[in-house]
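# Coordinates in review
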Amino acid sequence: MSLAVEVHGLAKSYGKVRVLKEIDLEIPAGTVLGLLGPNGAGKTTTVRIVTTLLRPDAGSVRVAGVDVLGDPATARTRIGLSGQYAAVDANLTGYENLRMVARLYGMGRRQSVARVEELLTAFGLDHAAGRRAGTYSGGMARRLDLAGALVARPPVVVLDEPTTGLDPRGRLDMWQVIGDLVDDGTTVLLTTQYLEEADLLADRITVIDKGTVIARGSADELKTSIGGDRLTVTLAAGQNPWPAVQVLHQVGVGEPIHEPGSDEVSVVVGDGSRTMVEALRRLDDAGVCVLDANVVRPTLDDVFLSLTGTPAEPIPEPETDDVQEEVLS
Ligand SMILES: Nc1ncnc2c1ncn2[C@@H]1O[C@H](COP(=O)(O)OP(=O)(O)OP(=O)(O)O)[C@@H](O)[C@H]1O
Ligand SMILES: [Mg+2]
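Quantities reported herein were computed from a predicted structural model and do not represent experimental measurements.

## Here's the deal with the pairing of strand 8 (residues 187–191)
Burial analysis of strand 8 places five of its five residues in the buried class, the great majority of the element. Of the two faces of strand 8, the one holding Thr-187, Leu-189 and Thr-191 and the one holding Val-188 and Leu-190 are both buried throughout. Where strand 3 (residues 32–36) lies against strand 8, four bridges are found, and the strand directions are parallel. In the sheet register, Leu-35 faces strand 8, and the bridge partner there is Thr-191. Pairing of strand 7 (residues 156–160) with strand 8, which is carried by five bridges, proceeds in the parallel orientation. Residue Val-158 lies in a different strand from strand 8, and its bridge partner there is Leu-189. Once you follow strand 7 into helix 6 (residues 168–183) and on to strand 8, the crossover reads as right-handed.

This is the structure:
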């Protein structure tokens, strides 16, 4: 397994405030790492260090085999960065924005025209290529920014909150673009406040809080780590809950939950569907009348809350975009 990004022992303080304590990250080539954490956890600080914009107090960073702290100039040619604050010149057209980036990378005219046209098409921007970027919708500007980060075909792309502030349509388009990027073999470091986004796009997730890694694993592993599935049975109204509590205690992991006055009893279970069958059989044997039963897998939101004690940001209500956006093909 070759690692495209290796971060070890990263530390950073602002004055007396230790913003990063000891961050380690590893991203196998061609995969997506989701970096999650509540506001102020240190995500952007980490991203800025990885992309050469900020020097850490301690630690090492290698990107695509290049020592980022020792040779930032070379490292920059291996990394595409697209952030929340789009680096797009509003006075230039979409086409001119990308041509300018190509020129900065020293690409020749013919090569850069071909690359820019390819990106405009891939990002669903060719219809707007001749328009000033200042007239673009939020989603279009964000896609143009990401296209700019990809002009030089960097093997590693870093996305700091790529869909924050986008409406649902813009978010879906962006997810598709990021998915295509990964299909092409690009390695992605993605920070996000939206757990649904990490669940969908990230192969592995690292959760940080107060500058320290507090969990890592696939979305599935993280969900399992907070206690697996929860089996809930609904009893016929007014029934004595205790026989059901006893049965769920036998089949589940840990103590069943029964709120006084409620007709529901629930327990965490190891293997959800198999345990449900067993539980229903035993409840029947015990003469318990069950109206309903279901198994719910924890969401990444449950994981986030249990790890950080802070609920994740909800996906906001749609903002209205002034400019009509075209659907990506
Ligand atoms: N230039 C700076 N000077 C002083 N403190 C800073 C500076 N930049 C960041 N911080 C502090 O460092 C901490 C981590 O900030 P950072 O921006 O990395 O968090 P984040 O995880 O990206 O948060 P968010 O989810 O809000 O984007 C915060 O407490 C922030 O106030
Ligand atoms: Mg941030």
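## Overview of the packing of helix 5 (residues 138–150) against helix 6
At a minimum axis distance of 10 Å, the contact between helix 5 and helix 6 shows a crossing angle of 15°. Taken together, the axis directions place helix 5 and helix 6 in an arrangement best described as roughly parallel. The handedness of the crossing between helix 5 and helix 6 is right-handed. On the side of helix 5, the interface is formed by Arg-142, Arg-143, Leu-146 and Leu-150, while helix 6 contributes Asp-173, Met-174, Val-177, Ile-178 and Leu-181. In the contact of helix 5 with helix 6, the residues fall into six nonpolar, no polar and three charged.

## Some words on helix 10 (residues 272–285)
Here helix 10 is 14 residues long and its end C-alpha atoms lie 20 Å apart, about the 20 Å a rise of 1.5 Å per residue gives. Where the residues of helix 10 are buried, they touch strand 11 (229–235), helix 9 (242–251), strand 13 (264–269) and strand 14 (290–296). Looking one or two residues beyond helix 10, the residue adopting positive phi is Gly-287, at roughly 75°.

## A short note on helix 6
Helix length check: helix 6 (16 residues) gives 22 Å between terminal C-alpha atoms against 22 Å at 1.5 Å per residue, within 8%. Residues of helix 6 that are buried: Gly-170, Arg-171, Asp-173, Met-174, Trp-175, Val-177, Ile-178, Leu-181 and Val-182. Summarising the contacts, the buried residues of helix 6 are in contact with strand 3, helix 5, strand 7, strand 8 and helix 7 (195–201). Looking at the residues trailing helix 6, positive phi occurs at Gly-185, about 95°.

Reading the values: rules and limits
- Residues numbered from 1 in each chain as written.
- Chains lettered and ligands numbered in written order.
- Predicted model: local features only at pLDDT ≥ 70, side-chain atom pairs only at ≥ 80, totals over all residues.
- Heavy atoms only, no water.
- Buried < 20%, exposed > 50% of the residue type's maximum accessible area, 1.4 Å probe, protein only.
- Helix = DSSP H or I, 4+ residues; strand = E, 2+ residues; numbered from the N terminus.
- Pairing = 2+ DSSP bridges.
- Right-handed = clockwise from strand over helix to strand, strands pointing away.
- Axes fitted to C-alpha atoms, helices over the stretch in contact; angles between N-to-C directions.
- Parallel < 35°, antiparallel > 145°, perpendicular 65-115°, else oblique.
- Left-handed = near helix turned anticlockwise from the far one by under 90°.
- Contact = heavy atoms within 4.5 Å.
- Nonpolar A, V, L, I, M, F, W, Y, C, P; charged D, E, K, R; others polar.
- Expected span 1.5 Å × (residues − 1).

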